[in-house]
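Listed here are the chains, written in short residue letters.
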Amino acid sequence: MKESKRLEAAVEAILFSMGDAIEVDRIAKAIDCDVKTTHQIIQHMMVSYEKEDRGIKIVELENAYQMCTKKEYYDYLVNVAMQPKQAVLTEVMMETLSIIAYKQPVTKAEIEKIRGVKCDHAVNKLVEYNLVQELGRLDAPGRPILFGTTEEFLRSFGVDSTDNLPVISPVKLEDFKAEAEEEIQVKVEI
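Residues numbered from 1 in each chain as written. Predicted model: local features only at pLDDT ≥ 70, side-chain atom pairs only at ≥ 80, totals over all residues. Heavy atoms only, no water.

Here's the deal with the packing of aromatic side chains
Stage number 1. Tallied over the entire structure, the rule returns two aromatic pairs.
Stage number 2. Here the aromatic rings of Phe 153 and Phe 157 are separated by 5.0 Å at their centres, their planes lie at 40°, and the arrangement is tilted. Here Phe 153 and its partner Phe 157 are both found in helix α8 (residues 151–157), four residues apart, which amounts to about one turn of the helix.
Stage number 3. When its relative accessible area of 4% is taken as the criterion, Phe 153 is described as buried.
Stage number 4. The aromatic ring of Tyr 49 is capped on one face by Arg 54, whose charged end is 4.4 Å from the ring centroid. (Phe/Tyr/Trp six-rings, centres within 6.5 Å; stacked < 30°, edge-to-face > 60°. Helix = DSSP H or I, 4+ residues; strand = E, 2+ residues; numbered from the N terminus. Buried < 20%, exposed > 50% of the residue type's maximum accessible area, 1.4 Å probe, protein only. Lys NZ or Arg CZ within 6 Å of the ring centre and 35° of its normal.)

Observations concerning the packing of helix α1 (residues 3–18) against helix α2 (residues 24–31)
Stage number 1. At a minimum axis distance of 10 Å, the contact between α1 and α2 shows a crossing angle of 130°. When the axis of α1 is compared with that of α2, the two are oblique. For the pair α1 and α2, the crossing hand works out as right-handed. Side by side, α1 and α2 meet where Leu 7, Ala 10, Val 11, Ile 14, Leu 15 and Met 18 of the first sit next to Arg 26, Ile 27, Ala 30 and Ile 31 of the second.
Stage number 2. Counted by class, the contact of α1 with α2 contains nine nonpolar, no polar and one charged residues. (Axes fitted to C-alpha atoms, helices over the stretch in contact; angles between N-to-C directions. Parallel < 35°, antiparallel > 145°, perpendicular 65-115°, else oblique. Left-handed = near helix turned anticlockwise from the far one by under 90°. Contact = heavy atoms within 4.5 Å. Nonpolar A, V, L, I, M, F, W, Y, C, P; charged D, E, K, R; others polar.)

A word on the pattern of salt bridges
Stage number 1. Throughout the structure, instances matching the rule amount to 12 salt bridges.
Stage number 2. Lys 5 is the partner of Glu 8 in a salt bridge, and the nearest nitrogen-oxygen pair spans 3.9 Å. Within this pair, Glu 8 and its partner Lys 5 are both found in helix α1, separated by three residues, close to a single helical turn.
Stage number 3. For Glu 8, a relative accessible area of 13% translates into the label buried.
Stage number 4. Where Arg 143 meets Asp 139, a salt bridge forms, and the shortest distance between an N and an O atom there is 3.8 Å.
Stage number 5. Taking the relative accessible area as the measure of exposure, Arg 143 reaches 40% and is therefore partly exposed.
Stage number 6. Among the charged side chains, a network of salt bridges with common partners joins Glu 12, Glu 52 and Arg 54. (Salt bridge = Lys/Arg side-chain N within 4 Å of Asp/Glu carboxyl O.)

Describing the pairing of strand β5 (residues 145–149)
Stage number 1. Most of β5 sits inside the fold, with four of its five residues counted as buried.
Stage number 2. One ladder, built from five bridges, connects strand β4 (residues 132–137) with β5; its direction is antiparallel. Looking at the pairing, Gln 133 lines up with Gly 148 of β5. (Pairing = 2+ DSSP bridges.)

Overview of the side chain of Thr 38
Stage number 1. Tracing the chain through its elements places Thr 38 in helix α3 (residues 35–51).
Stage number 2. Beyond its immediate stretch of four places on either side in the chain, Thr 38 contacts Val 24, Ile 27, Ala 28, Ile 31 and Cys 33.

Points about the sheet that holds strand β2 (residues 56–60)
Stage number 1. Pairing is antiparallel across the open sheet formed by three strands, whose spatial order is β1-β3-β2. Every other strand in the sheet has two partners, leaving β1 (22–23) and β2 as the edge strands with one partner each.
Stage number 2. Relative to strand β3 (residues 64–69), β2 is paired through five bridges, and the arrangement is antiparallel. Its bridge partner lying in β3, Glu 60 is registered against Tyr 65.
Stage number 3. Strands β1, β2 and β3 of the sheet are contacted by α1, whose axis makes an angle of about 70° with β3.

Side note on unusual backbone geometry
Stage number 1. The omega torsion across Gln 104 and Pro 105 is -10°, close enough to zero to call that bond cis.
Stage number 2. Mapped onto the elements, Pro 105 comes out in the loop between α5 (91–103) and α6 (108–115).
Stage number 3. Of note, the phi angle at Asp 53 is positive, near 50°, even though the residue is not glycine.
Stage number 4. Within the element layout of this structure, Asp 53 appears in the loop between α3 and β2.
Stage number 5. Located in the positive-phi region is Asn 130, a residue other than glycine, with phi close to 60°.
Stage number 6. Structurally, the position occupied by Asn 130 is in the loop between α7 (120–128) and β4.

In structure tokens:
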């Protein structure tokens, strides 16, 4: 690869990955060039981006440069942003969701007692994904929030009612209890 193309590729990688405006002297130091040469490289790139009718451009902001989307393509960005994101449930979120589904209405403190760890992030994500909702408050000191599943949960998991959630077989239940007791024993030994 020709040296100028290699330097342009390096500048492009820097501007793309950093996102914010980067001072020209920092870019120059990163690509091991002087500031004047770096200005020239970036100016050449700016012209090339305009000629090639690309969706991005490089803008100069007070002796710094930033890669941006051209304003004529903003509508496409809005269209993408408006599309619903596919919820990705981690193992922790699935455990938390299972506890809520089977024990509802349930407080965070009850979930944490079962799981043995904090569940704030998991519960907040499940609420964000509309799988869990606030059902009210427990009539107890501090009035903790009660959580339960939503209609979206039922649709997502193909269940018409929480009464029809799969029943855990007694054998599996005993396996889970034994596994939990082993974990507790290991924690006690540590």
